[in-house]
Amino acid sequence: MTDDSLSTHLDRATLEPDPAFTAQANGTQDMYAAAEADHEGFWAEQGRKYLTWAKDFDTTLDWSQAPFAQWFVGGELNVAYNCVDRHVEAGNGDRVAIHFEGDQGDTRTITYADLQREVNKVANALTELGVGKGDTVMIYMPMIPETVFTMLACARLGAIHSLVFGGFSAEALHTRINDAQAKIAVTTDGQWRRGKPAPLKAAVDEALEHADNTVEKVLVVKRTGTDVTWTEGRDIWWDDVVPGQSDEHTPEAFDSEHPLFILYTSGTTGKPKGIFHTSGGYLTQAAYTNAIVHDVHPETDVYWCTADVGWVTGHSYIVYGPLANGATQVLYEGTPDTPHQGRWWEIIEKYKVSIFYTAPTAIRTFMKWGHDIPDKFDLSSIRVLGSVGEPINPEAWLWYRKYIGSDKAPIVDTWWQTETGAIMISPLPGVTTLEPGSAQKPIPGISAEILDDEGNPFTEAEKVGYLVLTKPWPSMLRGIWGDPDRYRDTYWSRFGPKYYFAGDGAKYDERGNIWLLGRVDDVMNVSGHRLSTAEIESALVSHPKVAEAAVVGANDETTGQAPVAFVILRADAVSDGEDKDALSAELRGHVGKEIGPIAKPRNVMIVSELPKTRSGKIMRRLLKDVAEGRDIGDTTTLADSSVMNLIKETLGG
Ligand code: 6R9
């Protein structure tokens, strides 16, 4: 970091909440005590405050089947009605719901009344295609309004959506379609990437070539004009079935625990976990956190979350939270550097964005590009900044505040997971004295502790332990789709059934603030995206020339972590003079094809041995030392201690 004024210009006083901000903030100090005194009563109040129920609930929480929770039992609601119709009924139909900015500079302004008509048409079209309550709809689409319409149309019908990020491959898509038993897939002909069209439907076609395919119809939005191959009887153009539909549709009320979506995330084994969420509890906490953590005031704010809708952040903080609150937001299709490196700041200036939510990896990239780029734009509308996806290092925090937040905007560093559904640990703007680099403390209604190896909670400063959550919360996952045992084993057994094990290391500082320290399992965090080492390893060994592979998440200045692979080749499949550079490139490409470009290893190192313990476990810790260019640590537990020397020799180190 070259700008040394960053760390010196901030003293503690500048991190105290500004009284003018506090006076208008949605969150208050009192909420902590209220939630502490009556956990269920507090959440019942939020459930009724943030949502409109067709039938009120009678029991706030049923935890008798723990760890399988039921929230707002007996209540009935329609999630899409809550995100759309009720705002129109309240007289806010003319308020902008979405300012859409396309990659090509095309724009679209969608009011809540427009949104209602669009969602209704899609709901009617899906009904015509045979989608009903409880069916699964696979959505493989870019950041365009039709994606939001489709998600809300599913919610309106009680169908379960499952989004797969457009950067994932056909193979990844196939696994997920199959696990979710999807009936319909919705996609686009192509997607814009850095100003150029890239095919998208082609991956759906490839995924559906498998014999176990359950998808009956593929609905295709025309976005890029990319050529597509067409399967008659299965494929349907959006434009042939959606625009002609009636724009009216009566929403049905569903049980509070009716499934809303499945979203796949990487676990410690190669098989992704289908995290599933239900309706009333999820929507309550998404709306509540968007109100108190982002401090959204729907009448005056313009909010922008830069996440992709294919990730949980896009679900909770583009679609469900802000729309339930009736907020106005920006939806941006493109990348930060197309057509120039100031594109995001230009968008903030254009729409006078007041609340901005992004990821540390993006902030670090902007730091590299230099602050003279944002300096050229008027960012004075910004009043709250948010961070999500991975720990934000204090330097990035300070840069973000100074150059994007005009040296005054509070930053909320929000810790949560696909599994938690909504924000869990974060400061409240206007309430909390900020601590750069720390997510600080659980929000009102959430309880967390840090445990030592034996499972005992402690509060000493600077001691490292495991983060656990100690009370059920409304937006918690209801399980892993089709695998209740894996749900119990993964989250509720490491420290016994009382503690939800998050998989993150954590510590307190001397002020009692929580610092998240990254994953403690074999999951790495690349640009805020979760990838499992096992998944990348199995992609590598599926290549005919690879005998064995080990993957580690190495520290990376920009992406937080980056996958680095060590592979042993099959003696029978490679020739003596094999070009190792070409082969490394081929293997990187292979992983890109099997999982998706984000999983491509930064380096593939071809080695003759891997370091293993006597019980046969690969010692990834040692490989991490190599990948990060450190001296190699303790090798005494290796079955063969000469292996590391051999690896260093082959790598020329
Ligand atoms: C929302 C999201 C979850 C994992 C989580 C943790 C890391 C997310 C963080 C953070 C430190 C933060 N993580 N936010 N670590 N500080 N503010 O990212 O969900 O994709 O499921 O990832 O991301 O390691 O366990 P998901």
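Residues numbered from 1 in each chain as written. Predicted model: local features only at pLDDT ≥ 70, side-chain atom pairs only at ≥ 80, totals over all residues. Heavy atoms only, no water.

### Brief notes about the UniProt feature "domain: Acetyl-coenzyme A synthetase N-terminal" (unreviewed entry) in the protein
Stage number 1. Per the UniProt record, "domain: Acetyl-coenzyme A synthetase N-terminal" (unreviewed entry) is found at residues 29-83.
Stage number 2. Strand forms 18% of residues 29-83 and helix 45%; the C-alpha atoms that close the span are 28 Å apart. (UniProt positions renumbered as here; feature names shortened; annotations may be inferred. Helix = DSSP H or I, 4+ residues; strand = E, 2+ residues; numbered from the N terminus.)

### Concerning the site of the ligand
Stage number 1. Close to the ligand lie 17 residues, the nearest being Asp413, Thr418, Asp504, Arg519 and Arg530.
Stage number 2. At 2.7 Å from an oxygen atom of the ligand is found a side-chain nitrogen or oxygen belonging to Arg519.
Stage number 3. Computed on the free molecule, the ligand has an accessible area of 530 Å², of which 97% lies beneath the protein chains in the complex.
Stage number 4. Elements with a minimum of two residues in the shell around the ligand: helix H12 (312-324), strand S20 (411-414) and strand S25 (514-519).
Stage number 5. Broken down by class, the residue content of the shell around the ligand amounts to six nonpolar, six polar and five charged. (Near = heavy atom within 4 Å. Polar contact = N/O pair within 3.5 Å; in protein donor to acceptor, adjacent residues only side chain to side chain. Areas by Shrake-Rupley, 256 points an atom, 1.4 Å probe, with all protein chains shown as cover. Nonpolar A, V, L, I, M, F, W, Y, C, P; charged D, E, K, R; others polar.)

### Focus on the packing of aromatic side chains
In this description, an aromatic ring pair is defined by two values, namely the gap between the centres and the angle between the planes.
Stage number 1. Evaluation of the coordinates by the stated rule reveals 37 aromatic pairs.
Stage number 2. Aromatic side chains Trp473 and Tyr500 sit 5.2 Å apart centroid to centroid with 80 degrees between the ring planes, which places their arrangement in the edge-to-face category. Taken together, the positions of Trp473 in the loop between strand S22 (465-469) and strand S23 (479-480) and Tyr500 in strand S24 (residues 500-508) put the pair 27 residues apart, joining distant regions of the chain. Tyr500 carries the same exposure label as Trp473, and that label is buried.
Stage number 3. In this structure an aromatic cluster arises from ring pairing among Trp63, Phe68, Trp473, Tyr487, Tyr491, Trp492 and Tyr500.
Stage number 4. Cation over ring: Lys441 sits above Tyr32, and NZ or CZ is 4.2 Å from the ring centre.
Stage number 5. In this structure, Arg494 packs its charged tip against the face of Tyr466, placed 4.9 Å from the ring centre. (Phe/Tyr/Trp six-rings, centres within 6.5 Å; stacked < 30°, edge-to-face > 60°. Buried < 20%, exposed > 50% of the residue type's maximum accessible area, 1.4 Å probe, protein only. Lys NZ or Arg CZ within 6 Å of the ring centre and 35° of its normal.)

### What about helix H7 (residues 145-157)?
Note on helix geometry: an α-helix contains 3.6 residues per turn, so any two residues three or four positions apart are oriented the same way.
Stage number 1. When the terminal C-alpha atoms of H7 are compared, their 19 Å separation across 13 residues agrees well with the 18 Å that a helix rising 1.5 Å per residue should span.
Stage number 2. For H7, the buried fraction is high: 13 of the 13 residues fall into the buried class.
Stage number 3. Following H7 by one or two positions, Gly158 has its phi on the positive side, about 75 degrees. (Expected span 1.5 Å × (residues − 1).)

### Considerations on the nonpolar core
Stage number 1. Of all hydrophobic cores here, the largest spans 116 residues; its most connected members are Cys83, Leu115, Leu152, Val319, Tyr320, Leu323 and Trp415.
Stage number 2. With eight residues, the single largest contributor to this core is H7.
Stage number 3. In terms of domain composition, this core takes at least three residues from each of domain 1 (38-83 + 109-277 + 299-318) and domain 2 (448-515).
Stage number 4. Apart from residues no more than four positions distant in its own chain, Tyr320 is found in contact with Val79, Cys83, Met151, Leu152, Ala155, His161, Leu260, Phe261, Tyr282, Leu283 and His315.
Stage number 5. The next biggest cluster of nonpolar side chains, apart from the first, holds 44 residues, and it includes Met138, Trp311, Ile536 and Ile606. (Core = buried A, V, L, I, M, F, W, Y, C linked by side-chain atoms within 4.5 Å. Domains from an automatic or database assignment. Contact = heavy atoms within 4.5 Å.)

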